[in-house]
Amino acid sequence: MIVCVAVVGHQNNPLYIQSFTKADDSLKLHHIVHCSLDVVDERVNNPKKSGLIINETFLGLLNPTENYKVYGYLTNTKVKFILVTTDLEVRDADARVFFGRFHTAYVNAVSNPFHIPGKKITSRKFAERVSTIVKSFGLSSSS
Amino acid sequence: MIGVGKAKQYANVLDRPIGKGKQEVSLSAFAFLFSELVQYNQIQVDNIAELERRLEDAGYAVGARVLELLCHREKGNRREIRLLGILSFIHSTVWKVLFGKVADSLEKGTEHEDEYMISEKELLVNRFISIPKDMGAFNCGAFVAGIVRGVLDNAGFPAVVTAHFVPVDGQHRPRTTILIKFAEEVLQREARLG
Amino acid sequence: MAPAAPKSGDVIFASVDRVNAELFTLTYGAIVRQLITDLEEVEEVNKQLDQMGYNIGVRLVDEFLAKSSVSRCVDFRETADVIAKVGFKMFLGVTASVTNWDADGTTCSLILEDNPLVDFVELPDTCQGLHYCNILSGVVRGALEMVSMKTEVTWLRDMLRGDDVFELQVKLLKQVPEEYPYKDDE
């Protein structure tokens, strides 16, 4: 189950963060997102060491902790998407499908003339869409 | 497209792509709209430089969104990290989508290492605007310069971008050159990448 | 010499120079944003968009008449039909339909299901009073005025406000007789 998703600007400024748990652990989840940003920077700045294809948007698994798996994605506009899940058996393919859909929702939201680049995403449609994407996670990676 | 607009059928609504960008409107419709943009801004300012700056701002907003749209749609989810890569992306992909053709030329400045030029014999926005004599060197291409700056800036290549008329031998009308001067950090990073 | 038969909107649209709708959509979005920044009040933005549309309508009508080979419509009913089927198609690539005629044939509605101005647009809470497409109502008003029809054009339904279509009500206020096409006052 996805417990948190985040969109983070290129100066590591949060543009959108949403947790999907009943428990009051959003602070902890925000902390996990925050820590993962350093991993993203590390990967992107040292592509050779991390064995990353230098310009792929999908960054893969960032930092597995005991209870969570964290995946990252970096767009052309240096915006990071972070996905935190409690599903430890999650497949990369599912994460890729998730980010593909998430990216589409993101592009739609920032194409809105009322969105100001670099500012928080306040679109209700985006929030609704993200929650649908989160619910569908791992269900149909057959595409 | 999400939200309003006609919805096509996709097995999974979440996989519906963001418009293919194949829809069109008439050039006249765009020309009328653009001309209103110029006229409205002309009333807001008292000099040409300010008018060009405002048109550039409007273009920047377009460029920033065009980058997001095209990267997702055309680039197969690869990030562009090299200077020449992003320039050729603008010269070909962005130009083709926005103006229906690749730009006439992309050249490196001969005098300065940090300068590049995209030239167009007849830039779309200069095709239907005739500039009154008293407006001197005013160039509607400032709007396109703004688009280019919007794309570059948001892709992590900050630059100063300006539009200029350049006379062409044997031609009545000058061509428009979009001059791109990259920020120092961009060239330093480029040098590091080798 | 018999006048050329009016051409269909599809035929004309296929023959004119066209540009990518996204360039148009995003440019319009940039204009609306500029107006909001400059004018601050949503009502003022509505007015300015309407004025811009009016300016366009006044200039566009000649091209419209020339390319469509439509001879001047004297009848309001016929005119509304031509705007919907030929006018919208020729410039925006979409067709409108005409409905909701009142009994005396002076008020009708243009219905747009597809509108290239609003792709990606979502009104923020601070702009709920904004008629985002107000430029279109101005265009219709301006163009009709050039063919001697004074109209009042109002949005009745707006997809950006949750309606299922865009509905633009066009009300004929005064039809200046064709013999006197030029206003002597104002």
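Criteria and cut-off values
Residues numbered from 1 in each chain as written. Chains lettered and ligands numbered in written order. Predicted model: local features only at pLDDT ≥ 70, side-chain atom pairs only at ≥ 80, totals over all residues. UniProt positions renumbered as here; feature names shortened; annotations may be inferred. Helix = DSSP H or I, 4+ residues; strand = E, 2+ residues; numbered from the N terminus. Contact = placed C-beta atoms within 7 Å. Pairing = 2+ DSSP bridges. Axes fitted to C-alpha atoms, helices over the stretch in contact; angles between N-to-C directions. Expected span 1.5 Å × (residues − 1). Buried ≥ 20, exposed ≤ 12 C-beta atoms within 10 Å, placed from the backbone. Nonpolar A, V, L, I, M, F, W, Y, C, P; charged D, E, K, R; others polar. Core = buried A, V, L, I, M, F, W, Y, C linked by C-beta atoms within 7 Å.

Chain C has the name Trafficking protein particle complex subunit in an unreviewed UniProt entry, where Salvia divinorum is given as its organism. Quoted verbatim from the Subunit (unreviewed entry) heading of the UniProt record, the comment on chain C is "Homodimer."

The name an unreviewed UniProt entry assigns to chain B is Trafficking protein particle complex subunit, from the organism Salvia divinorum. Quoted straight from UniProt, the Subunit (unreviewed entry) entry for chain B says "Part of the multisubunit TRAPP (transport protein particle) complex." In its Sequence similarities (unreviewed entry) section, UniProt records this for chain B: "Belongs to the TRAPP small subunits family. BET3 subfamily."

A.B. asks: How would you explain the overall build of chain B if you had to name every residue and give the values?
C.D. replies: A count of helical and extended segments in chain B gives six helices and five strands. Helices and strands appear in chain B in the N-to-C order β-α-α-α-β-β-α-α-β-β-α. Considering only intrachain contacts with a sequence separation of at least 6, the fraction spanning at least 24 residues in chain B is 57%.

A.B. asks: Give a detailed account of the sheet that holds strand β2 (residues 105-108) of chain B, specifying residues and quantitative values.
C.D. replies: One key point about sheets: their strands pair by backbone hydrogen bonds, in either a parallel or an antiparallel sense. Residue and element names in this part refer to chain B. One open sheet holds the four strands; their spatial order is β2-β3-β5-β4, and the pairing between them is antiparallel. Where the open sheet ends on each side, the last strands, each with one partner, are β2 and β4 (159-166). Strand-to-strand, the axes of this sheet are offset by a mean angle of 20°, without reference to chain direction. For strand β3 (residues 115-120) and strand β5 (residues 175-182), the ladder comprises six bridges, and the chain directions are antiparallel. Looking at β5, one finds that Y116 is bridged to I180. On the sheet, helix α5 (residues 141-154) packs against β4 and β5 and is oriented at approximately 155° with respect to β4.

A.B. asks: So what about helix α2 (residues 92-111) of chain A? Which residues, and what values?
C.D. replies: Taking 1.5 Å of rise per residue, the 20 residues of α2 of chain A would be expected to cover 28 Å, and the 28 Å separating its terminal C-alpha atoms lies within 8% of that figure. With 15 of its 20 residues buried, α2 of chain A lies for the most part within the structure.

A.B. asks: How would you sum up the interface of chain C and chain A? Please name residues and give values.
C.D. replies: With 10 residues of chain C in contact, the opposing surface of chain A contributes eight residues. Class assignment of the residues belonging to the side of chain C that touches chain A gives a composition of seven nonpolar, one polar and two charged.

A.B. asks: Account for the environment of D10 of chain C, naming residues and giving values.
C.D. replies: Residue and element names in this part refer to chain C. Mapped onto the elements of the fold, D10 is located in helix α1 (residues 9-15). Judged by C-beta crowding, with 14 C-beta atoms within 10 Å, D10 ranks as partly exposed. Separated by 85 residues in the primary sequence, D10 and T95 place their C-alpha atoms 9.1 Å from one another.

A.B. asks: Mind laying out the nonpolar core, listing which residues take part and the relevant values?
C.D. replies: L83 of chain A together with V66 and V148 of chain B are the most contacted members of the largest nonpolar core, which totals 145 residues. At 12 residues, the largest contribution of residues to this core is made by helix α2 (residues 48-74) of chain B. Each residue touching L83 of chain A, except ones within four places of it in the same chain, is listed here: I2, V5, V70, Y71, A95 and F98 of chain A.

A.B. asks: Give me the lowdown on the pairing of strand β3 (residues 107-112) of chain C, citing residues and values where you can.
C.D. replies: Residues and elements named next belong to chain C. Note: strand β2 (residues 97-99) against β3, three bridges, orientation antiparallel. Across the sheet, T99 pairs through a bridge with S109, a residue of β3. Relative to strand β5 (residues 166-175), β3 is paired through six bridges, and the arrangement is antiparallel. In the sheet register, T107 faces β5, and the bridge partner there is K171.

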